[in-house]
Protein chains: 2
Amino acid sequence: MPGPAQPAAATDARVVRTRNDVLRVAIGLLLDEGWDALTHARVAREAGYAKATLYAHWPTRRDLVLDAFSRFAETPHHAPTGDLRHDLVEELVSFRTAMLEHRLDRVLAVLVDLTHAMPELVAVRDQLVTDGEAVVRDLLAPVATGPELEAATLMLCGAVLHAALLHGAPPDEAGIAAGVDLVLAGIGVRPPPGGDGGPSMS
Amino acid sequence: MPGPAQPAAATDARVVRTRNDVLRVAIGLLLDEGWDALTHARVAREAGYAKATLYAHWPTRRDLVLDAFSRFAETPHHAPTGDLRHDLVEELVSFRTAMLEHRLDRVLAVLVDLTHAMPELVAVRDQLVTDGEAVVRDLLAPVATGPELEAATLMLCGAVLHAALLHGAPPDEAGIAAGVDLVLAGIGVRPPPGGDGGPSMS
């Protein structure tokens, strides 16, 4: 029953909802209209909250930006199944899907551009990139090390980013699979017969 | 001797100089201060020309932007020697050098961002990217075709772009070479004994 003293859970849920509403509006303004559009007044109006609420949570516009980008660290990844080729393709397809469905390519482009003007975003960018590459790097770590592991990770993630930003669209699943096959052949990993993901007995 | 009727060659040289001066200032403003800074008045003042001269050559700000980016199609490339591994590494190192010395990474980031707002830049971006990738694609064409050629080109160029934009710096020469070795091994190309670029007789 609602009363003047709300239970902690309800307060938490309300805070989470406010945060989600505000940051969703903030990132939308950044992606569509750029830094100049990102004012407390505009975000408050479009998100439907009082300006005072925004100032209480995010005293400056930079606080808003930092938090808005941090949310993208929660982008879902593929859960590995043990079939290396399949897992790499699916993880890169999930990178592609985040671009197509959640505008991750645009988020990254705007983040790169803003980081140029706001060096305090470097830490946010680095965290986002480290998290973003982690599944690919961890999948490859048992079969590659050192510069080869780094090059393989950079090339697989880079092919998706490069096509999305400079060709106008990320590669399709067949294009992603061609890259994965090239990298695995280069490392010297052969897919097991039948492609069931189990170790080859031959 | 200067006279009222200048020889055509002198006129051409002057036009080229004006064009270079103006576009260099225009791209600098775009990279450092963004689209809002790119006005005829500001560019004319900083380049040392009359505003009327600018309007005569570039009637709109968009004309200025289109021309300013087109200049980067003239970025120098590595001239192939016939040694595939060496030529790929050197071409990607020249991509890296253009980033470090001519801010090509920033040019591409700003171009991506502006293309979002100005779809007429798509043709400029596509031309720049096609020219930029041409040497790598042509070097690989004798040893790879179809999706493999496309994936190899995307991965090699993408690794340099991804590191420059999202890690804050392009890969060093050793990192580039690790990627080239991985791709060539994946394609099944072995470096000739002695690395002289000639066909292996073994």
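Since the structure is predicted, the reported quantities are computational estimates derived from the model, not experimental observations.

Draft legend 1. Layout of the overall build of chain A. Summing up its helical and strand segments, chain A has nine helices and zero strands in all. Walking chain A from its N terminus toward its C terminus, one meets helices and strands in the order α-α-α-α-α-α-α-α-α. Against the compact-globule benchmark of 17 Å for 202 residues, chain A has a radius of gyration of 21 Å, which places it well outside the compact range. By residue count, 46% of the 202 residues in chain A fall in the buried class. Within chain A, counting contacts between residues at least 6 apart in sequence, those at least 24 apart form 63% of the total. Total accessible area computed for chain A in this model is approximately 9700 Å², and 57% of it derives from carbon and sulfur atoms. Positive and negative side-chain charges of chain A, numbering 17 and 27 respectively, have mean locations separated by a distance of 10 Å.

Draft legend 2. Spotlight on the state of the cysteines. As enumerated under the stated definition, the model contains zero disulfides over all chains in all. No disulfide involves C157(A); its sulfur sits 16 Å from that of C157(B), the nearest cysteine. Using a relative accessible area of 4% as the deciding quantity, one classes C157(A) as buried.

Draft legend 3. View of the relation of the copies chain A and chain B. At an RMSD of 0.0 Å, chain A and chain B line up after a rotation of 180° and a shift of 0.0 Å along the axis. Interpreted geometrically, this transformation is the action of a two-fold axis. Closest approach to the rotation axis within chain A is made by the C-alpha atom of G186(A), at a distance of 1.7 Å. Mapped onto chain B, 100% of the interface residues of chain A again fall at the interface, so both copies present the same surface.

Draft legend 4. Up close: the packing of helix α8 (residues 146–167) of chain A against helix α8 (residues 146–167) of chain B. Where α8(A) contacts α8(B), the two axes come as close as 5 Å, and the packing angle between them is 90°. Taken together, α8(A) and α8(B) sit at an angle that is classed as roughly perpendicular. Classifying every residue of the contact of α8(A) with α8(B) gives 18 nonpolar, six polar and two charged.

Draft legend 5. A look at the interface of chain A and chain B. If you look at the interface, chain A gives 42 residues, while chain B gives 42 residues. Between chain A and chain B, the buried area comes to about 3300 Å², and carbon and sulfur atoms account for 71% of it. The three residues of chain A that bury the most area against chain B are M155(A), L166(A) and L182(A), which together make up 22% of that side's buried surface. Counting across the chain A and chain B interface gives ten residue pairs in polar contact (both at pLDDT 80 or more). For the side of chain A that touches chain B, the elements supplying multiple residues, two or more each, are α1 (8–33), α6 (104–117), α7 (122–140), α8 and α9 (173–187) of chain A. Here the element with the most residues in the side of chain A that touches chain B is α8(A); it accounts for 17 residues. When grouped by side-chain class, the residues that make up the side of chain A that touches chain B number 24 nonpolar, eight polar and ten charged.

Draft legend 6. Structural context of the pattern of salt bridges. Within the structure shown, the criterion is met by 22 salt bridges over all chains. E46(A) serves as the salt-bridge partner of R42(A), at 2.7 Å between the closest nitrogen and oxygen. You can see R42(A) and its partner E46(A) sitting in helix α2 (residues 40–47), four residues apart, about one turn around the helix. Relative accessible area serves as the criterion here: at 45%, E46(A) is assigned to the partly exposed category. When the shortest N-O distance is used, the salt bridge between R103(B) and D32(B) registers 2.8 Å. With R103(B) in the loop between α5 (84–102) and α6 (104–117) and D32(B) in helix α1 (residues 8–33), this residue pair connects regions lying 71 residues apart in the sequence. Note on D32(B): relative accessible area 47%, which makes it partly exposed. Here the salt bridges share partners, and the residues they tie into one network are E33(A), R42(A) and E46(A).

Cut-offs used in this document
Residues take numbers from 1 onward in each chain, read along the sequence in its written order. The lettering of chains begins at A and the numbering of ligands begins at 1, in the order of writing. Two thresholds apply to this predicted model, a pLDDT of at least 70 for residue-level local features and 80 or more for giving and counting side-chain atom pairs, whereas whole-chain, interface and lining totals are computed over all residues. Heavy atoms from the whole structure form the basis of all side-chain values; hydrogens and water molecules are not counted. Only DSSP runs of H or I with at least four residues qualify as helices, and only runs of E with at least two residues qualify as strands; both kinds are numbered from the N terminus onward. For this measure, only C-alpha atoms enter the radius of gyration; the expected value for a globule follows 2.2 Å times N^0.38, where N is the number of residues. Exposure is judged per residue with a 1.4 Å probe applied to protein chains only, and the accessible area is read against the type maximum: over 50% gives exposed, under 20% gives buried, and values in between give partly exposed. In this analysis, two residues are considered to be in contact whenever any of their non-hydrogen atoms come within 4.5 Å of each other. The Shrake-Rupley method, run with a 1.4 Å probe, gives the accessible areas here. Residue values count only the displayed protein chains as cover. By the counting rule applied here, Lys and Arg register as positive and Asp and Glu as negative, while His and the ends of each chain are not counted. Charge coordinates come from a single atom per side chain, which is NZ of Lys, CZ of Arg, CG of Asp or CD of Glu. Disulfide: a pair of cysteine sulfur atoms within 2.5 Å of each other. Copies are brought into register by a least-squares superposition over C-alpha atoms of residues with pLDDT of at least 70 in both. What counts as an axis is a line fitted to C-alpha atoms, over the stretch in contact for a helix, and the angles between N-to-C directions run from 0 to 180 degrees. Geometric relationships in this document are graded by angle, where less than 35 degrees denotes roughly parallel, more than 145 denotes roughly antiparallel, 65 to 115 denotes roughly perpendicular, and other angles denote oblique. Three classes are used, and their members are as follows: Ala, Val, Leu, Ile, Met, Phe, Trp, Tyr, Cys and Pro are nonpolar, Asp, Glu, Lys and Arg are charged, and the others, Gly among them, are polar. Accessible area that two parts lose when put together, evaluated with a 1.4 Å probe and summed over both, is termed the buried area. Here a polar contact is taken to be a pair of N or O atoms separated by no more than 3.5 Å, where protein atoms must pair a possible hydrogen donor with a possible acceptor and residues adjacent in sequence count only if both atoms sit in side chains. We count a salt bridge whenever a side-chain nitrogen from Lys or Arg sits within 4 Å of a carboxyl oxygen from Asp or Glu.

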